Amino acid sequence: MKTLVVYCHPVAGSFTSVVRDAALQGLADGGHEVRLHDLHADGFDPVLSASEHSLHLDSAVPADVQRYADDLVWCESLVLVYPTWWSGQPAMLKGWVDRVWVNGVAWTLPSGANRLRPLLGNIRLITVVTSHGSSKLVNSLEGESGKRIANRSLRILCNRRCRTRWIAIYGIDTSSQQDRVAFLHRVRRRLAK
């Protein structure tokens, strides 16, 4: 599959970067064609400006996000790799969604219509690979907003048969080396499929 990996973590050498590498290795093992966007390394600007917002019903994609939009339209599978902070995605990743999943790329609103029409029929699979500092129970009580965004917001703009996969390690702050190694193996194995 043509797979776009969007990675978001500000620190090189973090555990999340090791998770990204495991994901990339799994995708390579599975023979997938991969493109990687490292938002921090790219210097991606996550801020949706007032002028950009005022044009959100236009189909013009800002020049600085055009390559991100092109790769989103290119891929059949989207993999998001990030740490869960404050029960959600890092701000930069949320900004990527705000600025890249725009009219003319991810959706359209035809004149006179009252519902968005999805445009990303090319995407058949969304995989989220993330870590949580707290337990699964605490995340469930908080509502798991990252999972909701993938399942309820992003997926509906994709192929009508699009599936989502959630690969998470919970309690990362107190996890053992053995837990982390097992998680890396799980990421690699699941992404090779």
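For the structure, check the block above.
Below: a short report on this structure. (Residues numbered from 1 in each chain as written. Predicted model: local features only at pLDDT ≥ 70, side-chain atom pairs only at ≥ 80, totals over all residues. Heavy atoms only, no water.)

Focus: the nonpolar core
It is characteristic of soluble globular proteins that their nonpolar side chains tend to be buried jointly.
So, step 1. Core analysis: the largest hydrophobic core is formed by 35 residues, its most contacted members being Leu39, Leu72, Leu80, Trp96, Val100 and Trp101.
So, step 2. It is helix H5 (residues 91-100) that provides the largest number of residues to this core, a total of five residues.
So, step 3. Ignoring anything within four residues of it in the chain, the contact list for Leu72 reads Leu4, Leu78, Trp96, Val100, Trp101, Val105, Leu120, Asn122 and Ile123.
So, step 4. Listed in part, the 17 residues of the second largest apolar core include Val5, Ala23, Val129 and Ile172. (Core = buried A, V, L, I, M, F, W, Y, C linked by side-chain atoms within 4.5 Å. Buried < 20%, exposed > 50% of the residue type's maximum accessible area, 1.4 Å probe, protein only. Helix = DSSP H or I, 4+ residues; strand = E, 2+ residues; numbered from the N terminus. Contact = heavy atoms within 4.5 Å.)

Structural notes on helix H7 (residues 145-154)
So, step 1. Those residues of H7 not exposed but buried are Ser145, Gly146, Ala150 and Leu154. Buried residues in H7, looked at end-on, bunch into an arc of 140 degrees, giving them a common side.
So, step 2. In this structure, the buried side of H7 is in contact with strand E3 (77-83), H5, strand E6 (125-131) and strand E7 (163-169). (Arc of directions from axis to C-beta.)

A look at the state of the cysteines
So, step 1. Across all of its chains, the model carries zero disulfides by this definition.
So, step 2. Note on Cys75: no disulfide assigned, nearest cysteine sulfur contributed by Cys158 at a separation of 7.8 Å.
So, step 3. Take Cys75: its relative accessible area is 0%, and that puts it in the buried class.
So, step 4. With no disulfide of its own, Cys162 lies 4.5 Å from the sulfur of Cys158, the closest cysteine sulfur. (Disulfide = S-S within 2.5 Å.)

Let's talk about empty space enclosed by the protein
So, step 1. Overall, the coordinates contain four cavities of 30 Å³ or more when judged by the stated rule.
So, step 2. Surrounding the largest cavity, Tyr82, Thr84, Ser87, Gly88, His132, Asn139, Glu142, Glu144, Ser145, Gly146, Lys147 and Trp166 form its lining.
So, step 3. Counting only elements with at least two residues in the lining of the largest cavity, the list comes to helix H6 (136-142) and H7.
So, step 4. For the lining of the largest cavity, the element with the most residues is H7, which contributes three residues.
So, step 5. Partitioning the lining of the largest cavity into residue classes produces two nonpolar, seven polar and three charged. (1 Å grid on protein atoms, 1.4 Å probe; cavity = no way out; pocket = protein on both sides within 12 Å on 5 of 7 lines; lining within 4 Å. Points joined across faces, edges and corners; volume = space filled by probe spheres on them. Nonpolar A, V, L, I, M, F, W, Y, C, P; charged D, E, K, R; others polar.)

So, the packing of aromatic side chains
So, step 1. Enumeration according to the criterion identifies two aromatic pairs in this entry.
So, step 2. For the pair Phe44 and Tyr68, a centre-to-centre distance of 5.0 Å together with 80 degrees between the ring planes defines the contact as edge-to-face. A residue pair is termed long-range when its members are at least 10 positions apart, and Phe44 in the loop between helix H2 (39-42) and helix H3 (50-54) and Tyr68 in helix H4 (residues 66-74) qualify at 24 residues.
So, step 3. Judged by relative accessible area, Phe44 falls into the buried class, the value being 6%.
So, step 4. Of the residues examined, Tyr68 reaches a relative accessible area of 3% and is grouped as buried.
So, step 5. Between Trp96 and Trp101, the aromatic rings sit 6.3 Å apart at their centres with planes inclined by 75 degrees, giving edge-to-face as the arrangement. (Phe/Tyr/Trp six-rings, centres within 6.5 Å; stacked < 30°, edge-to-face > 60°.)

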